[in-house]
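# Chains, contacts and geometry: an overview
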Amino acid sequence: MEQKALFIIFGGTGDLAYRKLYPALFNLYEKGYLKENFAVIGTARRPWSNDHYHEVVMSAIEDSGRDAGRTNSELPRKFASHFYYQSHNVDDAEHYVALRNLADQLDEKYQLNGNRIFYLAMAPRFFGTIAGHLKDQKLLTEGSGFNRLIIEKPFGRDYQSAKELNDSISGSFDEEQIFRIDHYLGKEPIQSIAGLRFGNALFNSLWNKEHIDNIQITLAESLGVEERAGYYETAGAMRDMLQNHIMQIVSLLTMERPEVFDSKHLQDKKIEALENIQTYSKEEAAQNFVRGQYGEDAAHTQLAYREEEGTADDSSIETFVAGKLITHNPSLDGVPIYVRTGKRLAKKSTQINVVFKNDDQNIFNSDPNQKLETNVLTLHIEPDQGFTLQFNTKKGNQGYQLSPVHLRYRKSASEKAKTPDAYESLIRDALMGNKTNFAHWHEVRKAWQIVDVIRQVWDAETPDFPNYASGSMGPQAADDLLARDGRQWIFNPQK
Ligand code: NAD
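Residues numbered from 1 in each chain as written. Predicted model: local features only at pLDDT ≥ 70, side-chain atom pairs only at ≥ 80, totals over all residues. Heavy atoms only, no water.

Condition: UniProt positions are given in the numbering used here, feature names are shortened, and annotations may be inferred rather than shown by experiment.
The name that an unreviewed UniProt entry assigns to the protein chain is Glucose-6-phosphate 1-dehydrogenase, with the source organism given as Pediococcus acidilactici DSM 20284. What UniProt records for the protein chain under Catalytic activity (unreviewed entry) is the sentence "D-glucose 6-phosphate + NADP(+) = 6-phospho-D-glucono-1,5-lactone + NADPH + H(+)".

Shown next, in the form of structure tokens:
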């Protein structure tokens, strides 16, 4: 279970490292995936000492909620002693020489067999420079060890920039060595999708165009843009949520069954699934996607997006997007997938609703035109985790009428507490060389190609914003999108 490795974290003084990476590495240490044979070099421009770095790492563990009473109080200190700080400007080639010397020294001291994981917890504009210098300055080991690169989103802002970014790192790292983080793939309920589909004959046998009417994916946030206006003004909901997280979920829901459940087979099927999502023409994109931006709420207690600090008074950034995608994967050919994400919506919830086709023959109700309710399987991702299955049973009254009931399973608070955090799970996978839960370049590429067409349509017109009230479920057009197909959103907290 234990893996020997040297982590080199670029951006070691940053927010991501502090809030996510150090606590995640500590959890792996506590669970024995990292033992004596590991070391971490943190780099950034600030001139920190090793002692100061140790204090920072220990306080990151404490701030993550791991109080000393619960963990062995000596453990964070022992863990932190494996950390080394190296002041480093990523643009300066000479700094990599010092980094290489330290890396070689630690490799020997901790007997790491040349295993190296380079974690770029920095803005993507630095990725190419770092990757280039790692190769030129010989930080990549040769021989028995492995070299792996972990990178963060955003991976480009359209296909062209994503391709340039990918080209800039692929001179130093092969695709098998690149671990692109999409933290949704580290979430346990997202990882469970494959198990639910392929581990249950009940669902596996029904997961096809004969039985599924449509699939709905909602990533609803109740909060507004908060302190992220600077970033959000350049991104918007489409780039922030749809291109990456939603498209990854789409691939997991629509992929064909892999022959074997391993990372290679799964990734091939996910790539194929995204390739088989229809890329729209501009006309189709305009018909099938809607955008929105939140205004104030009815009681005037919440600010409109344009009034938030750091946003432009006339911002045309979307805080909401809804759309219809169509898969042409053989099993689900033609099945619509309705997707939706937004800020300041009525309720925070990430959920997937799989809506099954209705049985045309309703033999139970006296009125033959009265349809039975459809069967709906809901996968609750967060904050609830679990499933709900809606099905029909006999009503407890005279005669024979059916009405829907809900079979629910929810993870308990204690089960949820035991579930590893997304970063812990993903870093463990990278440490073990398991690429199952990382985005392949071809997935990223295809997702951008789908999104680029929609953006081109949107960028050519000035939207009439704001067009939905804070606390609603988005603009009317998002409901109309389904109504025109004779459908409605299953998740509707306002009903
Ligand atoms: P941050 O600004 O807090 O940290 C950036 C780090 O880079 C700092 O350590 C800084 O000192 C270092 N740095 C900047 N310029 C440098 C240079 N020339 N040489 C050496 N070091 C330099 O940013 P962050 O929030 O930690 O995010 C890092 C990356 O992760 C970004 O790409 C971000 O989009 C992504 N990300 C962050 C989060 C998060 O929760 N913070 C979540 C998802 C993705």
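### Overview of the overall build of the protein chain
Quick note on the threshold: Segments assigned H or I by DSSP are reported as helices when at least four residues long, segments assigned E as strands when at least two residues long, and all are numbered from the N terminus. Based on C-alpha atoms, the radius of gyration is set beside the globule rule, defined as 2.2 Å times the residue count to the power 0.38. Each residue's exposure class comes from its accessible area (1.4 Å probe, protein chains only) as a fraction of the maximum for that residue type: buried when under 20%, exposed when over 50%, partly exposed otherwise. We call two residues in contact when some of their heavy atoms are within 4.5 Å. Only the protein chains shown count as cover for residues, with accessible areas throughout obtained via the Shrake-Rupley method and a probe of 1.4 Å.
Helix and strand content of the protein chain: 15 helices and 16 strands. Against the 2.2 N^0.38 benchmark of 23 Å for 495 residues, the protein chain shows a C-alpha radius of gyration of 25 Å, consistent with a compact globule. Its C-alpha atoms put the protein chain at 80 × 50 × 45 Å along the principal axes. A burial count over the protein chain gives 54% of its 495 residues as buried. Taking as baseline every contact in the protein chain between residues at least 6 positions apart, the subset at least 24 positions apart corresponds to 76%. Accessible area for the protein chain stands at about 21,900 Å²; split by element, carbon and sulfur atoms hold 47% of it.

### Some words on a nonpolar patch on the surface
Condition: Distance thresholds for patches are 9 Å for like charges and 5 Å for nonpolar side chains (Val, Leu, Ile, Met, Phe, Trp, Tyr), applied to residues having over 30% relative accessible area and no salt bridge. A pairing counts as a salt bridge when a side-chain nitrogen of Lys or Arg comes within 4 Å of a carboxyl oxygen of Asp or Glu.
Taken together, the side chains of Ile363, Phe364 and Tyr400 define a hydrophobic patch exposed on the protein surface, amounting to about 330 Å² of accessible area. As for its position among the elements, Tyr400 is in the loop between strand S14 (386-394) and strand S15 (402-410). Residue Tyr400 is classed as partly exposed on the basis of its relative accessible area, which comes to 47%.

### Considering the UniProt feature "binding site: substrate" (unreviewed entry) in the protein chain
In the numbering adopted here, UniProt assigns the feature "binding site: substrate" (unreviewed entry) to His183, Lys187, Glu221, Asp240, Lys343 and Lys348. Considering the arrangement of structural elements, one finds Lys348 in the loop between strand S11 (336-342) and strand S12 (349-356). For Lys348, the contacting residues outside a window of four places in its chain are Ala220, Glu221, Ser222 and Pro383.

### Observations regarding the sheet that holds strand S6 (residues 178-180)
Put simply, the rule is: Two strands qualify as a pair provided DSSP detects at least 2 bridges between them. Note on geometry: axes are lines fitted to C-alpha atoms, helical ones only across the stretch in contact, with angles between N-to-C directions running from 0 to 180 degrees.
Pairing in this open sheet of six strands is parallel, and the strands run S3-S2-S1-S4-S5-S6 from one edge to the other. Strand pairing shows two members of the sheet lacking a second neighbour, strand S3 (83-87) and S6, which therefore form its edges. Strand-to-strand, the axes of this sheet are offset by a mean angle of 20°, without reference to chain direction. Where strand S1 (residues 5-10) lies against strand S4 (residues 116-120), five bridges are found, and the strand directions are parallel.

### Details of the domain arrangement of the protein chain
Buried accessible area, meaning the area lost when the parts come together, often serves as the stated size of an interface. The condition that has to hold: For each domain, the first and last residues come from an automatic or database assignment.
Under the domain assignment, the protein chain is made up of domain 1 (3-151) and domain 2 (183-420 + 438-482). A straight line from the C-alpha centre of domain 1 to that of domain 2 covers 36 Å.

### So, the nonpolar core
Note the threshold: The nonpolar core is taken to be a set of buried Ala, Val, Leu, Ile, Met, Phe, Trp, Tyr and Cys residues, with the residues joined through side-chain atoms within 4.5 Å.
Counting 105 residues, the largest nonpolar core has Phe10, Ile217 and Ile352 as the members making the most contacts within it. By residue number, the principal contributor to this core is helix H9 (residues 229-254), which donates 12 residues. Mapping this core onto the domain boundaries places at least three of its residues in each of domain 1 (3-151) and domain 2 (183-420 + 438-482). Discounting chain neighbours no more than four positions away, the residues touching Phe10 are Thr43, His88, Val90, Tyr96, Leu99, Phe118, Tyr119, Leu120, Ala121, Met122, Ile130 and Leu134.

### Considerations on the packing of aromatic side chains
Let me state the cut-off plainly: Pairing of aromatic rings covers Phe, Tyr and Trp, the last through its six-membered ring, and needs centres within 6.5 Å; plane angles under 30 degrees mean stacked, over 60 mean edge-to-face, and all others mean tilted. For a Lys NZ or an Arg CZ to count as sitting over a ring, it must be within 6 Å of the ring centre and within 35 degrees of the ring normal.
Under the criterion given, the structure shown has 23 aromatic pairs. Taken together, a centroid distance of 6.0 Å and an interplanar angle of 65° make the contact between Phe118 and Phe173 edge-to-face. Of this pair, Phe118 sits in strand S4 while Phe173 sits in the loop between helix H6 (159-170) and S6, and the two are 55 residues apart along the sequence. With a relative accessible area of 0%, Phe118 lands in the buried category. What links up through ring pairs into an aromatic cluster is the set Tyr22, Phe26, Tyr29, Phe38, Trp48, Tyr53, Phe79, Phe83 and Tyr85. The ring of Phe155 has Arg180 sitting right over it, with the charged end atom 5.2 Å from the ring centre. Over the ring of Phe179 we find Lys435; its NZ or CZ atom is 5.4 Å from the centre of that ring.

### Looking at the layout of surface pockets
Going by this rule: Here a cavity denotes a set of grid points, spaced 1 Å apart and computed over the protein atoms alone, in which a 1.4 Å probe fits but from which it cannot get out, and a pocket denotes an open set meeting protein on both sides within 12 Å along at least five of seven lines; residues with an atom within 4 Å of a point are reported as lining. Grid points are joined across faces, edges and corners, and a volume is the space filled by probe spheres set on the points. Residue polarity is assigned by list, with Asp, Glu, Lys and Arg as charged and Ala, Val, Leu, Ile, Met, Phe, Trp, Tyr, Cys and Pro as nonpolar; anything else, Gly included, falls into the polar class.
What the second largest pocket holds in volume is close to 660 Å³. Considering the residues around the second largest pocket, the lining is formed by 30 residues, among which Glu373, Thr374, Val376, Gln390 and Ile490 are closest to the centre. Residue composition of the lining of the second largest pocket, grouped by class: eight nonpolar, 14 polar and eight charged.

### Quick look at the site of the ligand
Definition in use: Only heavy atoms are used to decide nearness, and a residue is near a molecule or strand if one of them lies within 4 Å of it. Counted as a polar contact is a pair of N or O atoms within 3.5 Å, where, for protein atoms, one must be capable of donating a hydrogen and the other of accepting one, and residues adjacent in sequence contribute only when both atoms are in side chains.
Surveying the vicinity of the ligand reveals 20 residues, the closest of which are Thr13, Asp15, Leu16, Arg19 and Met122. At 3.5 Å, a backbone N or O of Gly11 approaches an oxygen atom of the ligand. Between an oxygen atom of the ligand and a side-chain N or O atom of Thr13, the distance comes to 2.7 Å. When the ligand sits alone it has 840 Å² of accessible area, and the protein chains cover 73% of it. If you tally residues by element for the shell around the ligand, the top one is helix H1 (residues 15-30), at three residues.

### Focus: the packing of helix H10 (residues 263-275) against helix H14 (residues 441-459)
Note the cut-off: By definition in this entry, angles of less than 35 degrees are roughly parallel, angles greater than 145 are roughly antiparallel, angles of 65 to 115 are roughly perpendicular, and the rest are oblique. Rotating anticlockwise by less than a right angle from the far helix to the near helix defines a left-handed crossing, while the corresponding clockwise rotation defines a right-handed one.
Here H10 crosses H14 at 15°, and the two axes come no closer than 9 Å. Classified by the interaxial angle, the pair formed by H10 and H14 is roughly parallel. By crossing handedness, the relation of H10 to H14 is classed as left-handed. Across the interface between the two elements, Gln267, Lys270, Ile271, Leu274 and Glu275 from H10 touch His442, Glu443, Arg445, Lys446 and Ile450 from H14. Class assignment of the residues belonging to the contact of H10 with H14 gives a composition of three nonpolar, two polar and five charged.

### As for the sheet that holds S15
Spatial strand order, S8-S10-S11-S7-S12-S13-S14-S15: eight strands in an open sheet with mixed pairing. Each having just a single partner strand, strand S8 (289-292) and S15 make up the two edges of the open sheet. For this sheet, the mean inter-axis angle between neighbouring strands, taken without regard to orientation, is 15°. The strands touched by helix H7 (residues 188-198) are S12, strand S13 (376-382) and S14; relative to S13, the strand with the most contacts, the crossing angle is about 150°. Contacting strand S7 (212-220), S8, strand S10 (320-326) and S11, helix H15 (residues 476-483) crosses the sheet at an angle of about 15° to S10.

### Brief notes about a negative patch on the surface
Which entries qualify depends on this criterion: Residues counted as positive are Lys and Arg, residues counted as negative are Asp and Glu, and His and the chain ends are not counted. By convention, the point assigned to a charge is CZ for Arg, NZ for Lys, CD for Glu and CG for Asp.
Taken together, Glu296, Glu307, Asp313 and Asp314 make up a surface patch of like negative charges. Along the chain, Asp314 falls in the loop between strand S9 (294-295) and S10. Of the residues examined, Asp314 reaches a relative accessible area of 60% and is grouped as exposed.

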